[in-house]
Amino acid sequence: MKDLNISDRLAVYNFCQQYRVGLVVVGPEGPLVAGLVNDLTRAGIPTFGPSSQAAALEGSKNFMKSLCDKYGIPTAKYRTFTDASEAKQYVQEQGAPIVVKADGLAAGKGVVVAMTLNEAFEAIDSMLVKGAFGSAGFRVVIEEYLEGEEASFFAIVDGENAIPLVSAQDHKRVGDGDTGPNTGGMGAYSAAPVLTEELQSKVMESIILPTVNGMAAEGYRFVGVLYAGLMIEKKSRSPKLIEYNVRFGDPECQVLMMRLESDLVQVLLAACKGELKGVSLKWSPGSAMVVVMASNGYPGTYEKGSVIRNISEAEDISPSVKVFHAGTALDSYGNFIAVGGRVLGVTAKGKDLQEARDLAYRAVEKIDWQEGFYRRDIGWRALPRKKTSS
């Protein structure tokens, strides 16, 4: 299984046929955009995830923004550019802070929140002139800076019906206090107090369902997970769509799965068959939190191959603790080594957010990995006065 190249669509198809696979859940965005779901569903293999056309909601920020325009989905004001001079002129007119985004897939690193004009100009040059993100950055979306609190909203979709999952909140910036560059996510917790029941209903009505219906009207029926990155605006307290992922997100998925009590496989199969209507999900009460441990240097350059010890000791703290592996491998001596940027997701469940947080950080502190780091303030918006030990 470890030798299966998930980017090789024919190899994946042959694997599914050989082992008579009854359900494929496509996790990474790359194979989704490349059309793996198209291939497998065409062959009659039940596959949970969007087609390549529907995956453009994540694969192209310009496509997502255009859909929002057409179907009245609230989002930040924006313009799209392929010419650096025109992009800079627009930034000059709008002023800073402003957000510069690579149009395509950039592994969570293609977004620059520019607090000054020079930062915005550097981001534009990096993408459009220097090609920092390759073809993903040949077109940029420049959008207004929204002030407020970010939150994540998930829904499972069968092409017509959508079931909301419980709320979660991510921490995108690499440093404590939400400082430093954006990452794929340094931690998350569920539930997110910022997403009240009233706000969740508003998100379903104004963002999720118009997206599902709009995609169907465009001929791109969406099946899979819609993961909406939201900004709850400071002044209006209304949700606006920042971006879509078309999959379970990392690290939010970890806290959602810790709390889910329903049979996930049956729910995903129902979505594949277009039979979500009437399906409900059962969640455990309380909260869950994940703290990401990353390689020193991330989200920039980092070294691979450092040894990580005491992972099992961390999980032994409590049955409510689980360490998810994201960027690890085994060396020739059977030791876990780091081979990625974000490496471990140390996750805990508790009767409330405080307990989940305490357990997660106790587990983190058990892990012996000198070449790694983590944020020490995950959950700070919900528990602002609580600090972890250093």
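Going by the structure above, here's the rest.
Residues numbered from 1 in each chain as written. Predicted model: local features only at pLDDT ≥ 70, side-chain atom pairs only at ≥ 80, totals over all residues. Heavy atoms only, no water.

Caption draft 1: Looking closely at the pattern of salt bridges. Enumeration over the complete set of coordinates arrives at 18 salt bridges. Its salt-bridge partner being Arg-9, residue Asp-39 comes within 2.6 Å of it at the nearest N-O pair. Here Asp-39 is found in helix H3 (residues 36-42), whereas its partner Arg-9 is found in helix H1 (residues 9-18), with 30 residues between them in sequence. Judged by relative accessible area, which is 34%, Arg-9 ranks as partly exposed. Across the salt bridge formed by Lys-172 and Asp-170, the nearest N and O atoms sit 3.2 Å from each other. For the pair shown, Lys-172 and Asp-170 are each scored as buried. Connected via shared salt-bridge partners are Asp-178, Arg-375, Asp-377 and Arg-381. (Salt bridge = Lys/Arg side-chain N within 4 Å of Asp/Glu carboxyl O. Helix = DSSP H or I, 4+ residues; strand = E, 2+ residues; numbered from the N terminus. Buried < 20%, exposed > 50% of the residue type's maximum accessible area, 1.4 Å probe, protein only.)

Caption draft 2: Seen up close, the nonpolar core. Membership of the largest hydrophobic core comes to 39 residues, with the highest contact counts inside it found for Leu-57, Leu-195, Ile-208, Leu-241 and Tyr-244. Breaking this core down by element, the ones donating at least two residues are H1, H3, helix H5 (61-71), strand E7 (148-158), helix H8 (197-217), strand E13 (223-233) and strand E14 (239-245). Counting 27 residues, the second-largest nonpolar core is a separate cluster that includes Phe-48, Leu-165, Ala-188 and Met-258. (Core = buried A, V, L, I, M, F, W, Y, C linked by side-chain atoms within 4.5 Å.)

Caption draft 3: Structural context of unusual backbone geometry. Cis rather than trans, the peptide bond between Ser-190 and Ala-191 has omega equal to 5°. Take Ala-191: it is sitting in the loop between strand E12 (187-190) and H8. Backbone torsion omega between Tyr-298 and Pro-299 reads 10°, so that peptide bond is classified as cis. Here Pro-299 shows up in the loop between strand E15 (287-295) and strand E16 (307-308). One non-glycine residue, Arg-20, lies in positive phi territory at about 50°.

Caption draft 4: Here's a closer look at the environment of Ala-228. Note that Ala-228 resides in strand E13. In this structure the C-alpha to C-alpha distance between Ala-228 and Asn-213, which are 15 residues apart in sequence, comes to 15 Å. Ignoring anything within four residues of it in the chain, the contact list for Ala-228 reads Ala-151, Ser-152, Phe-153, Ile-208, Leu-241, Glu-243 and Tyr-244. (Contact = heavy atoms within 4.5 Å.)

Caption draft 5: Spotlight on the environment of Arg-247. Within the secondary structure, Arg-247 sits in the loop between E14 and helix H9 (252-259). Sequence separation of Arg-247 and Gln-53 is 194 residues, and the distance between their C-alpha atoms is 14 Å. When sequence neighbours within four positions are dropped, the list of residues in contact with Arg-247 reads Gly-27, Pro-28, Glu-29, Leu-32, Glu-58, Val-225 and Tyr-227.

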